[in-house]
Amino acid sequence: MKSGVKWIGACAAGLMLLSGCSAAPTGSPAASSSASGTAAAETAAGSELDWSKINDPSLKGQEITLLWSNDKNNLMADTFAEFTKQTGIKVNAVSTDYNSLYNKISTAVMSNSSDIDVVEMDTIWAGQFLKGNFAVDLTNVVPPDVQKQFSPSSLESVKYDGHLVAIPHFSSTKHFYWNTELLARAGIDKPPVTWDQFREDSLKLKELGIYASAWSWKQAEGLVCDFVSLTSAFGGKFFDDNGKPIFNQGGGVQALQFMTDLVQKDKTVDPASLQWTENDVQNAFAAGKIAMMSNWEYMYPDLDDPTKSKVAGKTDVGLMPGEGGILSAAVTGSEGLAILQSSKHKEAALAFLNFVASKEFQLPFFQKTGNYPSLNELFQDSEVVNSDKSNHFSKIVNQYQYGYNRPNAPGYVTWSDALAAEIHEALVGNKTPQAALDSAVQKIESSQ
Amino acid sequence: MARISPSPRLGLLNRKRKDTLFAILLLLPTVYVLCKVFIYPIYQSAVWSLFKYNLTEPGDVRFIGWGNYLELLKNHDFWVSIDRTFYFTILSVAAELVLGFFSALLLNQSFKGRTFFRGSIIVPWALLTLVNGLMWNWIYQPGNGALSQLLHRAHLLAPDQNPVWLGNSDSIMNFVILADVWKTTPFMTLLLLAGMQHIPGSLYEAAAMDGAGFWKKLKHVTIPQLMPSVIVAVVLRLINAIRVYDILTVFTGDPTTSVSYLTFNNAFRYFYLGRSSAMAWLTTLFIILLIVVYMILLRRNSDTD
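The shown structure was predicted, so the numbers you read here are calculated from the model rather than taken from an experiment. (Residues numbered from 1 in each chain as written. Chains lettered and ligands numbered in written order. Predicted model: local features only at pLDDT ≥ 70, side-chain atom pairs only at ≥ 80, totals over all residues.)

All names here are of chain A. The domain boundaries assigned to chain A delineate domain 1 (46-172 + 333-404) and domain 2 (175-331 + 411-447). Inter-centroid distance (C-alpha atoms) of domain 1 to domain 2 is 29 Å. With 16 residues of domain 1 in contact, the opposing surface of domain 2 contributes 19 residues. Every element with two or more residues in the side of domain 1 that touches domain 2 is listed here: helix H16 (393-398) and strand E13 (403-404). Take the side of domain 1 that touches domain 2: its biggest share by element is three residues, from H16. Of the residues that constitute the side of domain 1 that touches domain 2, the class distribution is five nonpolar, nine polar and two charged. (Domains from an automatic or database assignment. Contact = placed C-beta atoms within 7 Å. Helix = DSSP H or I, 4+ residues; strand = E, 2+ residues; numbered from the N terminus. Nonpolar A, V, L, I, M, F, W, Y, C, P; charged D, E, K, R; others polar.)

The subject of this paragraph is the sheet that holds strand E8 (residues 211-213) of chain A. Residues and elements named next belong to chain A. With mixed pairing, four strands are arranged side by side in an open sheet as E8-E9-E7-E10. The sheet is open, and its two borders are formed by E8 and strand E10 (315-318), each paired with just one other strand. Put simply, the sheet's adjacent strands are angled 20° from each other on average, direction ignored. Pairing of strand E7 (residues 175-179) with strand E9 (residues 290-295), which is carried by four bridges, proceeds in the antiparallel orientation. Residue pairing in the sheet places Trp178 in a bridge with Met292 of E9. Strands E7 and E9 of the sheet are contacted by helix H12 (residues 278-286), whose axis makes an angle of about 150° with E9. (Pairing = 2+ DSSP bridges. Axes fitted to C-alpha atoms, helices over the stretch in contact; angles between N-to-C directions.)

For the rest of this paragraph, the subject is the nonpolar core. General note: in soluble globular proteins, nonpolar side chains tend to be found buried as a group. Counting 167 residues, the largest nonpolar core has Met121(A), Ala135(A), Val165(A), Ala214(A) and Phe352(A) as the members making the most contacts within it. The dominant element in this core, judged by the number of residues it contributes, is helix H8 (residues 169-196) of chain B, at 10 residues. Those residues in contact with Ala214(A), other than ones at most four positions away along the chain, are Val269(A), Asp270(A), Ala272(A), Ser273(A), Trp276(A), Val281(A), Ala284(A), Ile290(A) and Met293(A). (Core = buried A, V, L, I, M, F, W, Y, C linked by C-beta atoms within 7 Å. Buried ≥ 20, exposed ≤ 12 C-beta atoms within 10 Å, placed from the backbone.)

On to the domain arrangement of chain B, then. Residues and elements named next belong to chain B. Assigned domains of chain B: these are domain 1 (6-63) and domain 2 (70-304). Spacing between the C-alpha centres of domain 1 and domain 2 amounts to 36 Å. Contacts between the two partners involve 10 residues from domain 1 and, on the opposite side, eight residues from domain 2. Mapped onto the side of domain 1 that touches domain 2, the elements with two or more residues apiece are helix H1 (6-48) and strand E1 (51-52). The greatest single-element share of the side of domain 1 that touches domain 2, amounting to three residues, is contributed by H1. A class-by-class count of the residues in the side of domain 1 that touches domain 2 yields five nonpolar, four polar and one charged.

Take a look at the structure:
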């Protein structure tokens with residue numbers, strides 16, 4: 001018996017050694033593969049792909065795999081079948097949930113797997129996709145006149161450092177929603193167009209015992225999104241031209257001061273905002289508890305459905321307020337489809353992106369999944385407008401001319417967490433806005 | 001005769017040997033899988049902890065020795081998270097021990113419906129931690145949450161006061177402790193109850209003969225007799241509590257609320273594999289330390305017996 005244990009122990013040790021031999025360098029292969037990858041990538045991106053060859057008959061019979069989270073019920077299958085009929089390229093669409101998307105993509109890239117050709121890219125990953133050599137640089141591949149067809153906010157959100165990393169497949173920003181009944185009760189006949197006015201209106205609502213607004217200011221990404229909207233409205237910037245963080249000056253500080261004043265001084269904000277995300281805010285608004293909110297698309301048609309909302313027919317949506325010379329500013333949440341560098345069917349993938357950049361894709365995508373188009377011309381297209389069920393189409397798409405990006409550089413996720421932590425400190429009154437932002441800048445600089 | 005006698009022994013030995021070899025052969029796949037998915041990753045994380053290994057900077061992977069560890073020991077966030085983890089661990093385990101002890105005492109008495117109560121206390125423990133978190137998150141909602149409503153109705157909170165319970169990362173820990181105590185006290189109760197059932201009734205009778213009251217019996221009979229169970233229960237809970245993670249992800253986006261949360265974010269959000277491996281190893285060292293203390297206590301306990 002004892003000797004058996006010994007044997008097993010010896011085998012285990014042997015196996016460990018065997019597997020161990022390959023372990024020590026495993027830390028570095030990622031380095032060697034990508035170090036050489038950098039040089040290879042540059043040439044691969046430029047020479048291999050050609051926009052004029054996307055209709056090449058040789059692409060027939062190829063199959064590309066798409067990994068995305070926008071179509072969980074596979075509603076787009078018919079549309080993809082149409083694409084296959086036209087080009088002979090098969091599309092294998094794989095759905096996942098948004099939260100595991102980034103992990104799945106990075107695992108595929110790290111393991112150099114060519115299983116996935118096209119992936120959904122959130123705007124905040126653009127820097128990482130470009131600098132980490134995840135995606136093919138499309139800057140010189142997609143002709144300028146094709147790029148110009150997209151709404152400014154959706155095109156900006158798939159670019160990093162002037163490089164095009166993906167093709168925007170839908171538009172998204174935050175919007176300004178208000179409860180017409182509550183505003184009228186406070187004698188306000190039209191929604192605020194500047195943040196100053198927003199503050200005055202909020203105080204009027206407070207006198208009636210109504211919370212003027214609620215926000216998704218739990219320490220999370222939603223908090224950073226609102227900070228970006230407000231910083232841009234106050235004319236602030238996140239980084240200067242040399243990539244140095246400057247949001248602790250000017251507009252950035254004004255924005256955080258404004259947010260802190262709403263919570264600490266005016267007390268016009270539902271205090272629960274500090275532990276709420278976008279969904280909680282939406283629920284409070286639908287329950288008629290708050291008069292104004294800033295939130296993403298998809299509030300309608302639910303907000304107008306009496307079975308799901310107590311404010312059906314009593315709400316409206318429009319441009320986010322601006323300040324001074326800025327008419328309106330809203331953070332973008334657009335996404336794009338990018339081609340992975342490890343793909344073996346890049347040209348076919350490019351043909352697919354060309355299809356995504358057309359009405360043939362964007363109209364059914366809007367009709368079936370509710371994602372707003374990214375092509376400018378579709379905002380006036382009668383077929384698109386008529387298939388809108390919310391009756392707020394033009395007001396929603398109007399905002400896409402005033403989108404502002406989160407700073408989507410490679411280290412974004414790390415910074416965003418540091419920034420959210422510090423902003424939250426200011427909001428609960430532990431730090432002054434200036435001190436909080438200074439410390440966020442310091443954290444970001446030390447992580448670089 | 002003399003020539004035959006050794007051969008069956010040899011055959012027996014051979015057979016024994018063959019059996020062992022066969023057993024090893026059968027075990028090999030399991031051992032291989034265990035090595036591949038369990039032992040090897042542990043070893044690999046030890047190697048990684050000595051590297052600067054950020055997936056976001058694939059061009060810059062290099063050996064830095066103890067760099068990650070030294071950096072962590074100077075890292076403010078790391079210490080804040082260690083602080084909060086220990087605060088949570090010590091307070092929640094202490095509260096669970098006291099509450100669990102008294103509810104075990106209660107359930108050890110014979111009364112009508114005892115089986116029902118013994119069964120029903122398991123319900124909170126059977127809940128998923130995440131579900132428990134979502135439920136308590138709802139209770140802690142400002143304004144309409146159950147906690148605020150309860151305090152308002154009991155006039156413990158002025159009507160114009162509406163605190164944001166989960167607004168501040170330091171105070172969040174107290175609410176996490178409350179939620180955790182609610183959920184895991186039953187676990188403590190069950191372990192202690194099992195221990196109590198093994199205390200012979202004759203000891204209590206003898207104590208009663210000597211004129212001991214309730215508290216004296218508790219002090220001189222129950223507690224000393226229960227010590228082995230207490231040690232097992234406390235150490236199991238400590239090891240579990242120190243890894244608190246899932247409930248916090250519901251309550252807050254602040255990763256410095258626990259060391260596991262911080263480690264997870266560093267590994268799977270920022271992809272700092274080197275640094276997060278070092279973090280995981282430092283935490284493991286703390287836990288190993290706990291286990292050593294546990295072993296010593298256990299041995300001392302069995303020696304005194």
